[in-house]
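# Observations on chain architecture
Residue-level listing of the chains:
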Amino acid sequence: MTRPAILVARAVFPEVVSRLRQHFDVEDNPTDTIFTPAQLIQRLQGKQGAFTTGSERIGAELLAACPQLRVVSNMAVGYNNFDVEALTSRGVLATNTPDVLTETTADFGFALMMATARRMAESEQYLRRGEWTKWAYDMFTGSDIHGSTLGILGMGRIGQGIARRGALGFGMRVIYHNRSRLPAETEAAVGARYVDKATLLAQADHLVLVLPYTAENHHVIGAVELAAMKPTATLTNIARGGIVDDAALAQALRDRRIAAAGLDVFEGEPALNPALLTVPNVVLTPHIASASIATRRAMADLAADNLIAALTGGVPPTPINPAVLPLRT
Ligand code: 8YV
């Protein structure tokens, strides 16, 4: 029996590629070239599996051009780069990497919120520029985390992790809004209270976005929502670019409509709205919320587990569209 062939679309831990080679004929990408859509289609010819990241778009056109494809395994919990409907209608399994990154990403969301509230990036740049000549009573004064109101939009696993940190670690009052309300015992365990979106915007001292990017969630935070927030509030986005209208946010930051923002994700990243680079009251990081060494390795291992199980008759641990199982051979 011939071994399945797979493409590892981006550079990833060599140990994980070696493990995949025990099962498959592997074409990898150690130079980490970003393939154009046409190059991706070309590389996927004759491949039954693909190991992808958020950078690879898997849509109807690609699937039509790659009829041998049986499984796409995303090394990410988010999968807005996948057209799940198109995948399902073609009988192609999609998998992601939930759970293994929850706590690491919640840590980062909390850190970014704190850095934003306490103006860490802005003050570090001031120090590096050599402008620190004396202490001053009002130098880089920010807003407190402890005792303040934490607002969370989107309350999945990562949102719950941030809520716990806020409620149990920092004595914050935690409010959240989500498509569906959590069961009462989960709300009690994470210390969060459900509110409507208008209340969330009006009452949060620190608003953190942790919701998936979908068509409905495009620009969920735009000029109107920013205007509804407290002028002293901060906004942190660790979810996806496109959830926030970045142009409207840059304007709101410039006008001090809100105090500050922390952004790990951007519309059209890795490009970013140039206006964001011209406002001082924003902390910018390059989509690294899940980037601890241990967690990135766990994500790569889980993505490999999914591919191996899917193409060797096993049960993939974290399928997105399990309805397509068992896969056709
Ligand atoms: C990934 C992420 O680093 O898991 C996600 O959804 O956003 C990050 O953890 C990124 O998507 C690369 O695949």
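Refer to the structure presented above.
Reference entry: report on the structure contained in this document.

The rules behind the values
Residues numbered from 1 in each chain as written. Predicted model: local features only at pLDDT ≥ 70, side-chain atom pairs only at ≥ 80, totals over all residues. Heavy atoms only, no water. Near = heavy atom within 4 Å. Polar contact = N/O pair within 3.5 Å; in protein donor to acceptor, adjacent residues only side chain to side chain. Areas by Shrake-Rupley, 256 points an atom, 1.4 Å probe, with all protein chains shown as cover. Nonpolar A, V, L, I, M, F, W, Y, C, P; charged D, E, K, R; others polar. Helix = DSSP H or I, 4+ residues; strand = E, 2+ residues; numbered from the N terminus. Buried < 20%, exposed > 50% of the residue type's maximum accessible area, 1.4 Å probe, protein only. Contact = heavy atoms within 4.5 Å.

Bringing the site of the ligand into the picture now. The ligand sits among Thr-53, Gly-54, Met-75, Ala-76, Val-77, Gly-78, Leu-101, Arg-240, His-287, Ser-290, Arg-296 and Met-299. One of the side-chain N or O atoms of Arg-240 is found 2.7 Å from an oxygen atom in the ligand. Here an oxygen atom of the ligand and a side-chain polar atom of Arg-296 are 3.1 Å apart. Within the complex, 84% of the 320 Å² of free accessible area of the ligand lies under protein. Here the shell around the ligand is built from residues that sort into five nonpolar, five polar and two charged.

This next bit is on the environment of Arg-21. Mapped onto the elements, Arg-21 comes out in helix H1 (residues 14–21). For Arg-21, a relative accessible area of 38% gives the class partly exposed. Distance in space between the C-alpha atoms of Arg-21 and Arg-3 is 10.0 Å, their sequence separation being 18 residues. Setting aside chain neighbours within four positions, we find Arg-21 in contact with Arg-3, Val-26 and Asp-28. Separated by 3.0 Å, the side chain of Arg-21 and the backbone oxygen of Val-26 make a polar contact.

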